[in-house]
Amino acid sequence: MNYLEIFGVAFALLYIFLELKQKSLMWVVGFVSSLAYVVIFFQNKFYADACMNVYYVLMSVYGFYVWKFSPRAQATELSVTHIRRRLGLILLSIALVVFLLIYFVLISYTDSPMPIGDAFTTALSIVGTWMLARKYLEHWLLWIVINFVSAGLYFYKSMDPTAVLYLIYGILSVYGYFSWRKTVAEVTMLPH
């Protein structure tokens, strides 16, 4: 039994619970969980996922700042908003370019057993995490796809605790989308 993986799973579950509740403490918990998963993914040759967790560590600092100390958060509580179509297209283009770059690196320079899946989930995760830090509702839609695809990859690699975590993440991402969508509706109905 990999105790570091169990630790990472426990903190990751706490992270998503705090995310669903829109609590800024999630970024601190995510920082710890991501550090654990840097090691876990490297050990299992998911190199892009290991690098992704380095990115998560850095984004945890950024997200905590944006949610707690940015001018937008200081003026009012940082609220959930919809992403603008133009920005959505830009982010989709970025995800495609990042996917192609990561895939090329994985097939050229590593022994990654699943370079397409690893590159796909990593590219979408980069964009999805940034969207979460900005509190865009649509980040949940990316996480639904990322989490269910990731679960399949981790089951294939016999990383069962992590695979189960990502199945739970997938289900909670569906719940998170509808939960956060209600808060967008409530905000837009308030008088200005």
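Numbering of residues starts from 1 in every chain and runs along the sequence as written. Whole-chain, interface and lining totals are the exception, using all residues; otherwise, since this is a predicted model, local features are given only for residues with pLDDT of at least 70 and side-chain atom pairs are given and counted only at 80 or more. Note: side-chain values were computed over all heavy atoms of the structure, leaving out hydrogens and water.

Peer 1: Kindly report on the environment of Phe-31, identifying the contributing residues and their values.
Peer 2: What counts as a helix is a DSSP run of H or I of at least four residues, what counts as a strand is a run of E of at least two, and both are numbered from the N terminus. Examined against the element boundaries, Phe-31 turns out to sit in helix H2 (residues 25–43). Sequence separation between Phe-31 and Met-59 is 28 residues, and the spatial gap between their C-alpha atoms is 8.4 Å. Any two residues having at least one pair of non-hydrogen atoms within 4.5 Å are treated as being in contact. Setting aside anything within four residues of it in sequence, one finds Phe-31 in contact with Val-57, Ser-60 and Val-61.

Peer 1: How would you sum up the packing of aromatic side chains? Please name residues and give values.
Peer 2: Here a pair means two rings of Phe, Tyr or Trp (six-membered ring of Trp) with centres within 6.5 Å. Their orientation is stacked below 30 degrees between planes, edge-to-face above 60, and tilted elsewhere. Evaluation of the coordinates by the stated rule reveals 18 aromatic pairs. On the numbers, 5.7 Å between centres and 85° between planes, the contact of Trp-27 with Trp-67 is edge-to-face. Residue Trp-27 is located in helix H2, and its partner Trp-67 is located in helix H3 (residues 47–68); the two are separated by 40 residues in the primary sequence. Each residue gets one of three labels from its accessible area relative to the maximum for its type: buried under 20%, exposed over 50%, partly exposed in between, using a 1.4 Å probe on protein chains only. Given a relative accessible area of 2%, Trp-27 falls into the buried group. On the basis of relative accessible area, Trp-67 is assigned to the buried category, the value being 8%. Where Tyr-55 meets Tyr-56, the ring centres are 6.4 Å apart and the plane angle is 45°; that geometry is what we call tilted. By the ring-pair criterion, three or more aromatic residues cluster together here, those being Tyr-37, Phe-41, Phe-46, Tyr-154, Tyr-166 and Tyr-169.

Peer 1: Explain the packing of H2 against H3 residue by residue, including any values.
Peer 2: Angular values range over 0 to 180 degrees, each being the angle between N-to-C directions of two axes fitted as lines to C-alpha atoms, with helices fitted over their stretch in contact. Packing of H2 against H3 brings their axes to within 8 Å, and their N-to-C directions diverge by 170°. Between H2 and H3, the angle is such that the two are roughly antiparallel. Of the residues assigned to the contact of H2 with H3, the class counts are 18 nonpolar, five polar and one charged. Any angle from 65 to 115 degrees is called roughly perpendicular, while one under 35 is roughly parallel, one over 145 is roughly antiparallel, and all others are oblique. Gly falls in the polar group here, along with every residue not listed as nonpolar (Ala, Val, Leu, Ile, Met, Phe, Trp, Tyr, Cys, Pro) or charged (Asp, Glu, Lys, Arg).

Peer 1: A description of unusual backbone geometry should follow, citing residues and the corresponding values.
Peer 2: Unlike most non-glycine residues, Lys-45 shows phi in positive territory, near 65°. Along the polypeptide, Lys-45 turns up in the loop between H2 and H3. Assessed through its relative accessible area of 35%, Lys-45 is described here as partly exposed. Even without glycine at this site, Ser-158 takes up a positive phi of about 60°. Tracing the chain through its elements places Ser-158 in the loop between helix H7 (139–156) and helix H8 (160–189).

Peer 1: Break down the packing of helix H6 (residues 115–133) against H7 for me, citing the residues and quoting the values.
Peer 2: A pair of packed helices can be characterised by two numbers: the angle between their axes and the separation between those axes. H7 packs onto H6 with a crossing angle of 150° between their chain directions and a minimal axis gap of 9 Å. By the angle between their axes, H6 is roughly antiparallel relative to H7. The crossing of H6 and H7 is left-handed. Contact residues: H6 offers Gly-117, Asp-118, Phe-120, Thr-121, Leu-124, Ser-125, Val-127, Gly-128, Thr-129, Met-131 and Leu-132, while H7 offers His-139, Leu-142, Trp-143, Val-145, Ile-146, Val-149, Ser-150 and Leu-153. Here is the rule for handedness: rotate from the far helix to the near one, and if that takes an anticlockwise turn smaller than a right angle the crossing is left-handed, while a clockwise turn gives right-handed.

Peer 1: Explain a nonpolar patch on the surface residue by residue, including any values.
Peer 2: A surface patch of nonpolar side chains, about 710 Å² in accessible area, is lined by Leu-13, Phe-148, Phe-155, Val-164, Leu-167, Ile-168, Ile-171, Val-174 and Phe-178. Put simply, the parts of the chain that give the nonpolar patch at least two residues each are H7 and H8. The element contributing the most residues to the nonpolar patch is H8, with six residues. Relative to the helices and strands, Ile-171 is located in helix H8. You can call Ile-171 exposed: its relative accessible area is 57%. Any residue with relative accessible area above 30% and no salt bridge may belong to a patch, with like charges joined within 9 Å and the nonpolar Val, Leu, Ile, Met, Phe, Trp and Tyr side chains within 5 Å. What sets the accessible areas is the Shrake-Rupley method with a 1.4 Å probe; for residues, cover comes only from the shown protein chains. Any Lys or Arg side-chain nitrogen located within 4 Å of an Asp or Glu carboxyl oxygen qualifies as a salt bridge.

Peer 1: Please provide a residue-by-residue account of empty space enclosed by the protein, values included.
Peer 2: For each structure, a 1 Å grid was placed over the protein atoms alone; sets of points admitting a 1.4 Å probe that cannot get out are labelled cavities, open sets with protein on both sides within 12 Å along at least five of seven lines are labelled pockets, and lining residues have an atom within 4 Å of a point. Grid points are joined across faces, edges and corners, and a volume is the space filled by probe spheres set on the points. Taken as a whole, this structure holds two cavities of 30 Å³ or more when the rule is applied. The space that makes up the largest cavity amounts to roughly 350 Å³. Tyr-15, Tyr-56, Trp-143, Tyr-166 and Tyr-169 are the residues nearest the centre of the largest cavity, which is lined by 23 residues in total. Listed by contribution, the elements that provide at least two residues to the lining of the largest cavity are helix H1 (3–20), H2, H3, H6, H7 and H8. Broken down by element, the lining of the largest cavity gets its largest block of residues, five residues, from H2.

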